[in-house]
Amino acid sequence: MHLSRFKYIPLIGTIRNYKKEYISKDIIAALTVAVVVIPQSMAYALIAGVNPVYGLYTAIVSTIFASAFGSSKHLIAGPTNAIALLVAGSMSPYMAQENAYQLLFLMTFIVGALQILFGVIKLGKVINFVSHSVIIGFTAGAGVLIALGQLSTLLSISIKDSSHMSTITKFYYVLTHLSQTNLYALGLGVMTMVIIVICKRINKSLPGALIGIIIPVIFIVIFALDQKGVKLTGAIPSTLPPFVMVQFSLAGVQAMFGGAIAIAIIGLVEAISIAKSIGTTSRQKIDANQEFIGQGIGNLVGSFFQNFAGSGSFTRSAINYHSGAATRIAGILSGVLVALVLVFLGGFAKFIPNPCLAGVIMVISYNMIDKKEIAHIVKAGKFKSDSLAMWATCLATIFMPHLDFAIYTGIAISIMLYLKDTNKVPVRILIPSQGKDSQIIEKKIESVKGKVDILIIELEGNLYFGSAEDLETKLDGLIDKAKVFILRMKYVTSVDLTSLNALKIFFRSVKDAGGIVIISGVKSELNSLLKNSNVTSDIGEENIFMTENEIFASSTNALEKARSAINCDLTDSGEKSASCTLLESVTNFNGSTGGTNKSTASL
């Protein structure tokens, strides 16, 4: 059976082509990833505002299914910092309710269902509407927000009713209650951060986060620091993720839907960006729609095993790839290994200090701020669209009460700035020179002063409603500049009705002024639009020239028509104008004999 029949289940193709030499590579990569994911997933659960065990559950189920169904063979899904923060923001109003966790798993289901839907209807390109600058801004803002939110845990300062407070409010509370700091907790958290930094400098392959948690645990056991105010993670069930039916309700769906959309979009942007980044190095072509489906299945299935929403992790995916993972089996095995650790070693997790997990999160938060990329964007222009979108998204992430609004704000600003940058129509003005040498020269619109016989107007790009006013203004200023206008449309990709109306106004104005408009380079789609909009009645069907395969063919035909229109054969002085001389040289041009004529080079 041909493998294309299993394109929606990539794991089958992997198994059918699996080789013995892949086994050791995948196992080593899986072990390395598992060592990193265990402390990370517990820390991300704290960011999401839930028990660390749910982070481990997500690192098991979501990772296994996303690896099996995703397009990338190196991407490792599961809990991530940015998604965990979005989960926390969406769930904060509901965490005090008795059904808070039911709503959490319902939101995970909705996220997965949306992502699968995006993949099935092939909306892989939808992520292009979330610009790189928006992601950089959101990630930087999320890093700041996560760090501020973990200060109370790092300092072991208790905050009553913290679930109802914004991160900025919590930060203010911490600043005004610094006297309550537990120095033992602070010392353990700082120890974890220092260990992680030192391990990274010694060897990037060292599991700094894991070492940074194990060493403080030894101090906890030896010196009984839990009795001195240091809060521990507490007992974690040493069982596999249990199957629990998601509780569906209309009220619950309405409450969770807004946050789920933002999480689904950002999760896909994260996953696709990471997959393509690694795919560039590994030379694997990534199918965005299939990755959408894989991420969606991971979240949807995970919702029935008490998972919160996850996405692709850059850290774990990079470790997986650089550890020599050969296939997607490595990702699946990493989830299996986390499950084994949870079952056989989960009892020891109760000794993990919360300040140490906060220390891990602090380091992660700092690394989330891509300082080089921020500097690059700012260097490109402080007031450019990319820079403005980045800073707006960053500030919105930090100060807006709902993180999903921050994402929507960034996307909206990106689109608005894009429309602002594209509301100018590229217009080239080509006119015959008045010298002895017959040439067509390019001029700016404002430099066209006197009236000429023929004026060639070349339009480019997408003529849409946002640029219609600019198009109308530019064309209006040319009405009295020539007897004959050749409107060259070969490089126009599309025309909407608003821009078409601007063209019709120009055609009628030229006709009323006694001039003629000739259109060249007309594609079949545009020709249908012109006919259906009755434009041909304004300029005459004989003045519309379709685009042809031969170079300059359509423009040459249009120029011949213009030659006839300005009556080049008859002049009062017996001499031909520069325009007529040029027209003859152009219409007599033969591309097969003399190369490209200088007069037609710009056509």
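Residues numbered from 1 in each chain as written. Predicted model: local features only at pLDDT ≥ 70, side-chain atom pairs only at ≥ 80, totals over all residues. Heavy atoms only, no water.

Digging into the nonpolar core
If you look at the biggest cluster of nonpolar residues, it comprises 103 residues, and the most contacted ones within it are Val87 and Met107. Take this core: its biggest share by element is 13 residues, from helix H6 (residues 132-155). What methionine 107 contacts, discounting residues up to four positions off in sequence, is Val87, Ser90, Met91, Met256, Ala260 and Ile263. (Core = buried A, V, L, I, M, F, W, Y, C linked by side-chain atoms within 4.5 Å. Buried < 20%, exposed > 50% of the residue type's maximum accessible area, 1.4 Å probe, protein only. Helix = DSSP H or I, 4+ residues; strand = E, 2+ residues; numbered from the N terminus. Contact = heavy atoms within 4.5 Å.)

Looking at the pattern of salt bridges
Side chains carrying opposite charge are able to pair once their charged atoms draw close together. Under the criterion given, the structure shown has four salt bridges. One salt bridge in this structure joins glutamate 458 and arginine 428, with 2.5 Å as the shortest N-O distance. Here glutamate 458 is found in strand E5 (residues 452-463), whereas its partner arginine 428 is found in strand E3 (residues 427-432), with 30 residues between them in sequence. Overall, arginine 428 belongs to the partly exposed group, its relative accessible area being 22%. A salt bridge links arginine 488 to glutamate 458; the nearest nitrogen and oxygen atoms lie 2.5 Å apart. Here arginine 488, found in strand E6 (residues 482-495), pairs with glutamate 458, found in strand E5; they are 30 residues apart in sequence, far enough to count as distant. Accessibility assignment for this pair places arginine 488 and glutamate 458 in one class, buried. One salt-bridge network, held together by shared partners, links Arg428, Glu458 and Arg488. (Salt bridge = Lys/Arg side-chain N within 4 Å of Asp/Glu carboxyl O.)

What to know about a nonpolar patch on the surface
Side chains of Ile214, Ile215, Ile218, Phe219, Val221, Ile222 and Phe223 sit close together on the surface and give an oily, nonpolar patch of about 640 Å² of accessible area. Secondary-structure assignment places phenylalanine 223 in helix H9 (residues 208-223). Its relative accessible area of 49% is what places phenylalanine 223 among the partly exposed residues. (Patch = residues over 30% accessible without salt bridge, like charges linked within 9 Å, V, L, I, M, F, W, Y side chains within 5 Å. Areas by Shrake-Rupley, 256 points an atom, 1.4 Å probe, with all protein chains shown as cover.)

A short note on a positive patch on the surface
Taken together, the side chains of Lys200, Lys204, Lys371 and Lys372 present a region of like positive charge at the surface. Inspection of the secondary structure puts lysine 204 in the loop between helix H8 (183-202) and H9. (Lys, Arg positive; Asp, Glu negative; His and termini not counted. Charge placed at Lys NZ, Arg CZ, Asp CG, Glu CD.)

Here's the deal with helix H12 (residues 314-322)
Of all the positions in H12, only Arg316, Ser317, Ala318 and Asn320 are classed as buried. The secondary structure elements touched by the buried residues of H12 are helix H2 (20-48), strand E1 (77-78), helix H10 (250-282) and helix H13 (329-345). A side-chain oxygen of the first residue of H12 lies 3.2 Å from the backbone nitrogen of arginine 316; this N-cap is serine 313. Immediately beyond the C-terminal end of H12, within one or two residues, lies glycine 324, with a positive phi of roughly 95°. (Polar contact = N/O pair within 3.5 Å; in protein donor to acceptor, adjacent residues only side chain to side chain.)

What about the pairing of E6?
Alignment of E5 against E6, held across 10 bridges, turns out to be parallel. Paired with leucine 463 across the strands is valine 495, a residue of E6. Regarding topology, helix H18 (residues 465-476) serves as the crossover connection from E5 to the parallel E6, and that connection is right-handed. (Pairing = 2+ DSSP bridges. Right-handed = clockwise from strand over helix to strand, strands pointing away.)

Quick notes on the side chain of glutamine 40
Checked against the element boundaries, glutamine 40 lands in helix H2. Looking at glutamine 40, the relative accessible area reads 7%, which means it is buried. Of the polar contacts made by the side chain of glutamine 40, one reaches the side chain of arginine 316; its length is 2.8 Å. Residues within four places of glutamine 40 in sequence aside, it is in contact with Ser313, Thr315, Arg316 and Ile364.

Some remarks on the packing of helix H5 (residues 100-120) against H10
At a closest axis distance of 8 Å, the pairing of H5 and H10 adopts a crossing angle of 50°. When the axes of H5 and H10 are compared, the pair comes out oblique. Relative to H10, the crossing made by H5 is right-handed. Contacts between H5 and H10 involve Leu103, Leu106, Met107, Ile110, Val111, Leu114, Gln115 and Phe118 from the former and Gly252, Val253, Met256, Phe257, Ala260, Ile261, Ile263, Ala264, Ile265, Gly267 and Leu268 from the latter. Tallied by class, the residues present in the contact of H5 with H10 amount to 16 nonpolar, three polar and no charged. (Axes fitted to C-alpha atoms, helices over the stretch in contact; angles between N-to-C directions. Parallel < 35°, antiparallel > 145°, perpendicular 65-115°, else oblique. Left-handed = near helix turned anticlockwise from the far one by under 90°. Nonpolar A, V, L, I, M, F, W, Y, C, P; charged D, E, K, R; others polar.)

A look at the pairing of strand E7 (residues 516-522)
Counting buried positions along E7 gives six out of seven residues, so the element sits mostly inside the fold. Bridge analysis of E6 against E7 gives five bridges, and the strand direction is parallel. Within the sheet, the bridge partner assigned to isoleucine 486 lies in E7 and is isoleucine 518. Between the parallel elements E6 and E7, the chain passes through helix H19 (residues 497-512) in a crossover that is right-handed. Pairing of E7 with strand E8 (residues 544-546), which is carried by two bridges, proceeds in the parallel orientation. Each bridged residue has a counterpart across the sheet, and for isoleucine 519 the counterpart in E8 is isoleucine 544.

Some words on the side chain of histidine 74
Turning to its location among the elements, histidine 74 is positioned in the loop between helix H3 (52-69) and E1. For histidine 74, a relative accessible area of 3% gives the class buried. Apart from the residues lying within four places of it in its own chain, the contact partners of histidine 74 are Ile278, Ser282, Gln284, Ser317, Asn320, Tyr321 and Ala325.

Overview of helix H16 (residues 385-399)
Given a rise of 1.5 Å per residue, 15 residues ought to cover 21 Å, and the 21 Å separating the end C-alpha atoms of H16 matches this to within 8%. Of all the positions in H16, only Ser385, Ser387, Ala389, Met390, Thr393, Cys394, Ala396, Thr397 and Ile398 are classed as buried. Next to the buried residues of H16 lie H6, helix H7 (167-175), helix H15 (371-380) and helix H17 (403-421). (Expected span 1.5 Å × (residues − 1).)

A word on a negative patch on the surface
A grouping of Glu469, Glu472, Asp476 and Asp480 is seen on the molecular surface, where their side chains present a negatively charged patch. Mapped onto the elements of the fold, aspartate 476 is located in helix H18. On the basis of relative accessibility, which here comes to 51%, the residue aspartate 476 falls in the exposed class.

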